[in-house]
Each structure stands twice: as C-alpha cells, then as structure tokens.
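# A closer look at the structure
Chain by chain, the residues run as shown.
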Amino acid sequence: MEAIGAVKGFKDILPDETPRWRQVEERARRVFSSFGFREIRVPLLERTELFRRGIGEATDIVEKEMYTFLDRGDEYLTLRPEATASIMRAYIEHHLYAADPVAKLYTIGPMFRRERPQKGRFRQFHQIDVEILGLDDPRVDAELILMLAHFLREVRIEDYEIEVNSLGCPRCRPSFRAAVVAHLKGREGDLCPDCRRRLDTNPLRTFDCKVPGCGEIVADAPLIPDYLCPDCKRHFDDFCRYLELFSLRHRLNPKMVRGLDYYTKTAFEVTTTLLGAQNAVAGGGRYDGLIRTLGGPDVPGIGFAVGMERLLSLMPPDGAGEEPFVFLAALGERAQETAYLICNRLRLRGVWAETDYSGKGLKAQLKRADKLGCPFAVILGDRELDEGRAIWRDMEGGDQRQIDLKTLDDFIFATYTERSK
RNA sequence: GUGGGUGUAGCUCAAUUGGUCAGAGUGCCGGGUUGUGGCCCCGGAGGCUGAGGGUUCAAGUCCCUCCACUCACCCCA
C-alpha cells in the first residue's frame, strides 16, 4: 500500500517540538494576562464574506490565498487566513461592547493561506493574535508595543527591529493617495507590470515592490507622514513620544504599508534579518473603521499578530526535555507483574514511571532506562521479590541500595517530590 | 502563478571521466558481561538509488517526462 503524505504546506508538530510550542504559549498567556488581556477562541471556519469585507477585496489574501469552498451548495465558507476578522465578528455578534467599553483579547491558533511554501511560510501556520477594542488613545498603541517587546524578551528573542509608521485615516489618506498616484503616473512606463496594476487598485503597495526600477521611482515618492491630517499627526507624534518614554528602540519607516486594507493610523512590524526572505516575525496596527465595516458599532481597535513558526525558529535552543522519573526493570514473570503494578500505581500518583513489557534481560532494560533519560531505576528480580525488597539505582552515579518493597511506593514518591522542588 | 536547487538505509550524507558502487556515520536489534545503562569492541537487520521512459555492452551517474521537497520572486506572521 502506498503511504499517504501530509498536504503540501501543512506540517506535523512532532513530540520533540511540542514542549517549545507550549513554552511560548504559556509565556504569551502570562505576559498578556498581566496586561489585562483575556483569551477568546473563535472558529477556524467563517463565511467567506467576513474576510472579503474585513480584509479587503483588493488584497492578495482575498484575491488568491484563501481556502474557500461551497458548503453543500448553498454558501461559501473560508478557512480563516487571519484572526482579526473572526474576533471582530464575535465581538459584534455577542455585543461584547455592551458589557464593557474596552475589550482586550487574544487568541492562539492556526491560520490558512494557500501560498507557495518556503522558508518561514506555510499553508497552515500559527499566530498569536492580540486585539484591543474601544480605545483610540496613542498611549494604548505604545503600550501594546511595549507588551510585544516584553513578550519577545520573555521568549529570549533579541535580534529584531521594530518599524513604525502611520497610515493616516479616511480623512487624510485620499490626498496622500492622490499625490502618490500623481507621482507614479509621471513615470508609469518604468514601473513593473504588477505596480502598473496596483496604480489603480492599491497604489500604496508599490512601496513594497522590490523590483529595482520601481524602487528608484518610489525612492522620491511622497511620504505618508507629510500628508497626515492634524489629528493623525498628533496621534502619531504622541505614539512615538510614548515609545521613547518606554525606551523602546524603533525605526520610523515612512514607506511601510501593510497588506491588509483595514489598517489606519499606527502600523508596525517586527522584523529580523535571520529569517531569510520572510523577515516579519510580528506585525499589526490600528483599524479604527473595521468594526463598523463589519456591521458593528463605531469602535476603534488596534492589534498585532505574531508568527509562531517564525518566532520558534528565532528562539535559542533550549533543553526543554521531558523524561520519565523512574524505570522499573523486572526479571522473571512474577517480578514483571509486580513492576507493572508499581509502575502504574506511581503514575496514578503523578510520577512518570516506565517499565518493560518484553521480558528482555536486565542489560537491555537498563539501556532503555538510560535512553529515556530516567535519573533512577528500580531493579526487581524474583530473588528480591522473595526477600521483600528491591534495588534502587541512581543512574547518574550508579549507586545502589536496598529498599523494602512495602515502602517502595512511598519512597519513590517522596524522592520525586523532593527532586521536583 | 513564475524561476533556481535537490531527490541514495529511519536520520545526516559518500560513491573518480557512465565500468563490483550500492557504502559510511548515526539510530535500531543482538553479543562481548548466564542479573547492571553510558565508553569501547564485534555482529545483524534495513535501500526496485523519488516514479516512468530513453541512450548504452553497461546508468545512482547522461537525456526526457512526471512527482515530491526546498529556496527565491510575489506577499505576509
């Protein structure tokens, strides 16, 4: 029979890797809690319309990257390509704004985008997603970045840069957009085909283009900060001032734009040079009009997402191993049964114990204990059984002593609790 | 969607101009120690060399097609 492989771009997270995943998740939860965030869990599947309206029709995600299918011939559903839209949907659907004017939420889970896989980019990938709804104060924007930086520190990631920019609001963006279009139109012929198309759909995205010719044209293009309305400008200035208040090193990148349409005002990205072409570890920004666009009240919001796989590949290696506490080696049928019993009694008391099922020799059993990384082993043969005792072996030093069988369970349990302190 | 690279044992990789080339290390199993792991020594199992076709006396090696993986463009976390 031919074996069935995983779907392209979908990865198994094997037992050797899961401890690190859990470690990151736990640290995220701890950090977010202390900043007042609560967890929300939303479905992986939503109506396609949610993402079309939320993320924007002209974005790459909606245009060509979504896993969309017709469900039983009556409605289009999509595997979520990001979490924000779903969280906004839940926020509106359950009237969370009514209970509290401010909602601080986070979620951790898989996202799906049908792109060509490469280093740091998968079709199913995982994000840690954080949102603050109901506050538009620039202090909140700075505080969110403070929390993100703190979290990165907690997972021992140091080599990164925070880039910030303001994308303006519906009041100031049209004039900026017009200026960019005017600038680009003059040299339209020198633009790459993609950018020529973007001229109509989303001219700001030409800023991202890496084609050398486009880079030159964009080099002296108008910059967003110069076109911000007084309100946006003040917001951005204050935001930057608060970043400095926290001594958060950051870089102004007036050419940074984001691939999702809903962003307004503050935008930021955490980048690193260590990831190859996929240099963004985290990214986010403010989206003051999104909730209303999705049929909710006019509530401002800001959030960010961290790419789990990318984060993990940046983390320094850590011996977050998992090993049993004791191996019960048994010789002879009667001893094997006793060892089997003790092993499971220990497990019921919360001590990770392993034993042998093969009836192999002592050498093979100790070898197994060593391979598993057990710090201790119990040796129990019919000989010991008859004398009502067992051998307690320290695997590191090789010291051995006799333990009365009647007190063995308690002895092991006590040693275990002592050691886990 | 478009390019480039790579496919040999579970894993990491070797195999001169096509000519005993199907190997090593590691892991696994066993023995050296009839009841004592790690180090060392010895042995064993395990591969239609990604798949299919072609050239040739001879193909892991050259050519074609397909597939998979990978990196990059694009975009983003």
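Throughout what follows, the structure given in this document is the object of discussion. Numbers given for residues are sequential positions, taken from 1 along each chain in its written order. Labels follow written order: the first chain is A, the first ligand is 1, and so on. The predicted origin of the model limits local features to residues at a pLDDT of at least 70 and limits the giving and counting of side-chain atom pairs to 80 or more, whereas totals for whole chains, interfaces and linings rest on all residues. Only heavy atoms go into the side-chain values, all of them from the structure, while hydrogens and water stay out.

We now examine the sheet that holds strand β1 (residues 38-39). Any two strands with at least two DSSP bridges between them are considered paired. In this description a helix means any DSSP run of H or I spanning at least four residues, a strand means any run of E spanning at least two, and both kinds are numbered starting from the N terminus. Pairing within the open sheet is mixed, and its 8 strands lie in the order β1-β5-β6-β11-β10-β9-β7-β8. Only two strands of the sheet have a single neighbouring strand rather than two, namely β1 and β8 (251-252). With 5 bridges joining them, strand β10 (residues 280-286) and strand β11 (residues 301-307) adopt antiparallel strand pairing. Across the sheet, residue G284 finds its bridge partner in β11, namely F304. For this analysis, residues touch if any pair of their heavy atoms sits within 4.5 Å. For helices, the fitted axis covers only the stretch in contact; all axes are lines through C-alpha atoms, and the angles between them, taken along N-to-C directions, range from 0 to 180 degrees. Lying over the sheet, helix α4 (residues 84-93) contacts β5 (103-112) and β6 (124-133), oriented at roughly 45 degrees with respect to β6. Packed on one face of the sheet, helix α10 (residues 230-245) meets β7 (161-166), β8, β9 (264-271) and β10 and runs near 35 degrees to β9.

Moving on: the packing of helix α6 (residues 138-154) against α10. Axis separation between α6 and α10 bottoms out at 8 Å; the angle between their running directions is 40 degrees. As far as their axial angle goes, α10 and α6 are oblique. For the pair α6 and α10, the sense of crossing is right-handed. Where α6 approaches α10, its residues P138, R139, D141, A142 and I145 are matched on the opposing element by H235, D238, F239, Y242 and L243. Residues are sorted three ways: Asp, Glu, Lys and Arg are charged, Ala, Val, Leu, Ile, Met, Phe, Trp, Tyr, Cys and Pro are nonpolar, and all the rest, Gly among them, are polar. Looking at the contact of α6 with α10 residue by residue, the class counts come to 6 nonpolar, 1 polar and 3 charged. By the definition adopted for this analysis, an angle is roughly parallel if under 35 degrees, roughly antiparallel if over 145, roughly perpendicular if from 65 to 115, and oblique otherwise. Put simply, a crossing is left-handed when the front helix is turned counterclockwise from the back one by less than a right angle, and right-handed when it is turned clockwise.

With that out of the way, let us pick up the sheet that holds strand β13 (residues 353-355). With mixed pairing, the 5 strands of this open sheet are ordered in space as β13-β12-β14-β15-β16. At either end of the open sheet lies a strand with only one pairing partner, and these are β13 and β16 (400-404). Geometrically, the sheet is characterised by an average inter-axis angle of 25 degrees between neighbouring strands, direction not taken into account. Pairing of strand β12 (residues 326-331) with β13, which is carried by 3 bridges, proceeds in the parallel orientation. Bridged to L328 within β13 is T355.

Paired rings are identified among Phe, Tyr and Trp, the last through its six-membered ring, by centres lying within 6.5 Å, and are further divided according to the angle between planes into stacked (under 30 degrees), edge-to-face (over 60) and tilted (the rest). Here the structure, examined in full by the defined rule, presents 16 aromatic pairs. For the ring pair Y340 and Y357, a centre distance of 6.5 Å and an interplane angle of 75 degrees mean the geometry is edge-to-face. With a gap of 17 residues between them, Y340 in helix α13 (residues 333-348) and Y357 in the loop between β13 and α14 (362-372) connect regions that are remote in the sequence. Residue class for Y340 comes out partly exposed when judged on its relative accessible area of 45%. Working definition: with a 1.4 Å probe on protein chains only, accessible area under 20% of the residue-type maximum means buried, over 50% means exposed, and in between means partly exposed.

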